[in-house]
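One-letter residues, chain by chain:
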Amino acid sequence: MKKRLSVHKNTLILIAGIVWAIAGFNIVRIGLIAYAGNVTWWRVLLSIAVYAVFQVFIFGKMVKKHTARILQYEDEWQNVFRFFDTKSYLIMVFMMTLGISLRVSGLVPNGFIAYFYTGLGLSLLTAGVLFMISYFRVRKQKTE
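Let us look at the structure shown here. (Residues numbered from 1 in each chain as written. Predicted model: local features only at pLDDT ≥ 70, side-chain atom pairs only at ≥ 80, totals over all residues. Heavy atoms only, no water.)

Moving on, we get to the packing of aromatic side chains. Counted under the stated rule, the structure contains 11 aromatic pairs. On the numbers, 5.7 Å between centres and 20° between planes, the contact of phenylalanine 54 with phenylalanine 59 is stacked. Accessibility assignment for this pair places phenylalanine 54 and phenylalanine 59 in one class, buried. Linked through ring pairs, Trp20, Phe54, Phe59, Phe83, Phe84, Tyr89, Phe112, Tyr115, Phe116 and Tyr117 together constitute an aromatic cluster. (Phe/Tyr/Trp six-rings, centres within 6.5 Å; stacked < 30°, edge-to-face > 60°. Buried < 20%, exposed > 50% of the residue type's maximum accessible area, 1.4 Å probe, protein only.)

Approximately 430 Å³ is the volume found for the largest pocket. Looking at the largest pocket, it is lined by 18 residues, and the ones nearest its centre are Ile27, Met95, Met96, Gly99 and Leu120. Those elements giving two or more residues to the lining of the largest pocket turn out to be α1 (9-35), α3 (86-105) and α4 (110-143). Considering each element in turn, the lining of the largest pocket owes the most residues, eight residues, to α3. In the lining of the largest pocket, the residues fall into 16 nonpolar, one polar and one charged. Its boundaries defined by the atoms lining it, the second largest pocket holds a volume of some 210 Å³. Forming the boundary of the second largest pocket are Trp20, Ile58, Phe59, Lys61, Met62, Lys65, His66, Lys87, Ser88, Ile91, Met92 and Met95. At the level of secondary structure, the elements contributing two or more residues to the lining of the second largest pocket comprise α2 (41-71) and α3. Per-element tally for the lining of the second largest pocket: the top contributor is α2, with six residues. (1 Å grid on protein atoms, 1.4 Å probe; cavity = no way out; pocket = protein on both sides within 12 Å on 5 of 7 lines; lining within 4 Å. Points joined across faces, edges and corners; volume = space filled by probe spheres on them. Helix = DSSP H or I, 4+ residues; strand = E, 2+ residues; numbered from the N terminus. Nonpolar A, V, L, I, M, F, W, Y, C, P; charged D, E, K, R; others polar.)

Turning to the environment of valine 44, a few remarks are in order. As for its placement among the helices and strands, valine 44 is situated in helix α2. Since its relative accessible area comes to 37%, valine 44 is described here as partly exposed. Along the primary structure valine 44 and valine 108 are separated by 64 residues, whereas in three dimensions their C-alpha atoms are 17 Å apart.

For the rest of this paragraph, the subject is unusual backbone geometry. Although it is not a glycine, leucine 5 adopts a positive phi angle of roughly 60°. With respect to the element layout, leucine 5 can be found in the segment before β1 (6-8).

Looking now at the packing of α3 against α4. Between α3 and α4, the shortest axis-to-axis distance is 12 Å and the interhelical angle comes to 160°. When the interaxial angle is binned, α3 and α4 end up roughly antiparallel. Crossing handedness for the pair α3 and α4: left-handed. Residues Met95, Gly99, Ile100 and Arg103 of α3 touch α4, and the partners they reach there are Ile113, Tyr117 and Leu120. A class-by-class count of the residues in the contact of α3 with α4 yields five nonpolar, one polar and one charged. (Axes fitted to C-alpha atoms, helices over the stretch in contact; angles between N-to-C directions. Parallel < 35°, antiparallel > 145°, perpendicular 65-115°, else oblique. Left-handed = near helix turned anticlockwise from the far one by under 90°. Contact = heavy atoms within 4.5 Å.)

Inspection of the secondary structure assignment puts serine 6 in strand β1. Accessibility expressed as a relative area gives 16% for serine 6, which makes it buried. Those residues in contact with serine 6 that sit more than four places away from it in its chain are Trp77, Gln78, Asn79 and Val80.

Direction vectors running N to C along α1 and α2 enclose 165°, while the axes themselves pass 11 Å from each other. Classified by the angle their axes make, α1 and α2 are roughly antiparallel. Along this stretch, α1 crosses α2, giving a crossing that reads as right-handed. Packed against α1, whose contacting residues are Lys9, Asn10, Leu12, Ile13, Trp20 and Tyr35, the element α2 presents Arg43, Val44, Ser47, Phe59, Met62, Thr67, Ile70 and Leu71 at the interface.

Quick look at the structure:
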């Protein structure tokens, strides 16, 4: 049954992709701004390492887990906010709070913000793109 603030369950995958892509873009932007005057080859290598760790161990797995969870919903129409479960929302709030606190407090140097945020943001952006690819794959399967 379709209710207010409801979308087709497959659309939740697209919404997750858009949310993560926007978050990733914003984090990358912060990282690249921090890179101004702080570019070194080893920081670039650290950005690549941060990206790889987050993509392989966290966000790549998250995309698969949440896509499978969404597709298993019995009701075709779901609340627009069900693209994540409670645990994921709590993790997102924790990550945002920690990140903002570290930047505002000045406890970490700009060089750290540069490589860490760039790698993390690119991984979040990749997760967003992977969610979107999943959405279009599911959509294509439905039409075949």
